[in-house]
Amino acid sequence: MKQSSITTFSVKASAAVDVTDNSPLANSDRAQIIERTLSWIESWRTNPSEPFNLDNFRHIYAQDETFSSFDFGRPHDGFRDWASAQAYYRKFMTVPKVWWLKANDDLKVHISGNIAWSTISLTGGGETRDGTLIEMPEGRVTLILEKRGDQWLIVHEHGSSALPFPGVDEVDAMLADRA
C-alpha cells in the first residue's frame, strides 16, 4: 500500500521548563528554544509539492565548526561541523519522496546560562521514490543550543529511533527469573 499524501504536521507539545527564573528574559529564552525545537521538527519534511529546503531553517543552526550531529541514519562518527552536515542533509533528503515528523506532547526545555537543551519524542514516516513505505513509530530528539547574542542556535543534535524490545511486563518477568 503506497502512501499518497503527506500527513499534516501538528504540535500539541507543552514545555516543561527546568528553571525557576520567570523574568521576561527567561520567558523569552524559553519561547525561542521551544520555537526552534518545533521548527526543527516541522522542517524535516518533504513531498512532491513541497520539497525539502534546508535554507528554510538553517538560521536555527550554528553554521560553523562548533556544530556536531549524531542522528538517525547518519554516519557512525557523525558530523563535526556545519559544512559537512549540510552537504549530507541535502543529499539525504532526496531519498524519500515523502517524509514527515510529528511531535509528541512531551517537549522539555532546560536552560543553564547560555546553554540549553530540549528533548522530545516523535513519530515519522513517508515513502521512498520507489513507493516503499518508511515508518518510524518511535523516535527521540535532543537538541543542544547555545545563546549567541540574542539568538539560541543548535550546536548539537541527536536523534534516535527505539529498537524493537519487549514490553515493560515482559522485561520485568525476564529480570525476575534472574533474581
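Everything here concerns the structure above.
Residues numbered from 1 in each chain as written. Predicted model: local features only at pLDDT ≥ 70, side-chain atom pairs only at ≥ 80, totals over all residues. Heavy atoms only, no water.

Chemist: Kindly report on the overall build of the chain, identifying the contributing residues and their values.
Modeler: Broken down by element type, the chain carries three helices and seven strands. Walking the chain from its N terminus toward its C terminus, one meets helices and strands in the order β-α-β-α-β-β-β-β-β-α. Counting over 179 residues, the chain shows a buried share of 37%. Contacts in the chain between residues far apart in sequence, at least 24 positions, make up 60% of those at least 6 positions apart. With the model as given, the accessible surface of the chain reaches about 10,200 Å², and the carbon-plus-sulfur share is 54%. (Helix = DSSP H or I, 4+ residues; strand = E, 2+ residues; numbered from the N terminus. Buried < 20%, exposed > 50% of the residue type's maximum accessible area, 1.4 Å probe, protein only. Contact = heavy atoms within 4.5 Å. Areas by Shrake-Rupley, 256 points an atom, 1.4 Å probe, with all protein chains shown as cover.)

Chemist: Please set out helix α2 (residues 82-92) residue by residue, giving values where relevant.
Modeler: Residues of α2 that are buried include every one of Trp82, Ala85, Gln86 and Tyr89, and no others. Taken end-on, α2 shows its buried residues confined to a sector of 95 degrees, consistent with a single buried face. Exposed positions of α2 whose direction lies more than 90 degrees from the buried face are Ala83 and Lys91. Here the buried face of α2 lies against β2 (68-70) and β7 (151-161). For α2, the capping residue at the N-terminal end is Asp81, with a side-chain oxygen 3.1 Å from the backbone nitrogen of Ala83. (Arc of directions from axis to C-beta. Polar contact = N/O pair within 3.5 Å; in protein donor to acceptor, adjacent residues only side chain to side chain.)

Chemist: Residues and numbers for the pattern of salt bridges, please.
Modeler: In total, this model carries ten salt bridges according to the counting rule given. One salt bridge in this structure joins Asp55 and Arg90, with 3.0 Å as the shortest N-O distance. Placement of Asp55 in the loop between α1 (24-43) and β2 and of Arg90 in helix α2 is noted, with a sequence separation of 35 residues between them. The partly exposed category is assigned to Asp55, whose relative accessible area is 45%. (Salt bridge = Lys/Arg side-chain N within 4 Å of Asp/Glu carboxyl O.)

Chemist: I'd love a proper account of the pairing of strand β5 (residues 115-128), names of residues and values included.
Modeler: Counting buried positions along β5 gives ten out of 14 residues, so the element sits mostly inside the fold. Both strand β3 (residues 96-103) and β5 contribute to a ladder of seven bridges, which runs antiparallel. When the sheet's bridge partners are listed, Ala103 is paired in β5 with Leu122. With five bridges connecting them, strand β4 (residues 108-112) and β5 associate as antiparallel partners. By the bridge assignment for β5, Val109 is matched with Ser118. (Pairing = 2+ DSSP bridges.)

Chemist: Describe the packing of aromatic side chains, naming the residues involved and giving the relevant values.
Modeler: Enumeration according to the criterion identifies 14 aromatic pairs in this entry. Arranged with centres 4.6 Å apart and planes meeting at 35 degrees, the rings of Tyr61 and Trp82 form a pair that is tilted. Pair noted here: Tyr61 is in the loop between α1 and β2 and Trp82 is in helix α2, with a separation of 21 residues, a long-range link. Overall, the relative accessible area of 1% leaves Tyr61 in the buried class. Residues Trp82 and Tyr89 carry aromatic rings whose centres are separated by 6.5 Å and whose planes lie at 70 degrees to one another, so their mutual orientation is edge-to-face. With a relative accessible area of 3%, Trp82 lands in the buried category. By the ring-pair criterion, three or more aromatic residues cluster together here, those being Trp40, Trp44, Phe52, Phe57, Tyr61, Phe67, Phe79, Trp82, Tyr88, Tyr89 and Phe92. (Phe/Tyr/Trp six-rings, centres within 6.5 Å; stacked < 30°, edge-to-face > 60°.)

Chemist: Give me the lowdown on the side chain of Ser118, citing residues and values where you can.
Modeler: Mapped onto the fold, Ser118 is located in strand β5. For Ser118, a relative accessible area of 1% puts it in the buried group. Beyond its immediate chain neighbours, meaning those up to four positions away, Ser118 contacts Ile33, Thr37, Leu107, Lys108, Val109, Val141, Thr142, Leu143 and Leu145.

In short, the description is geometric, and any link to function would need to be established separately.
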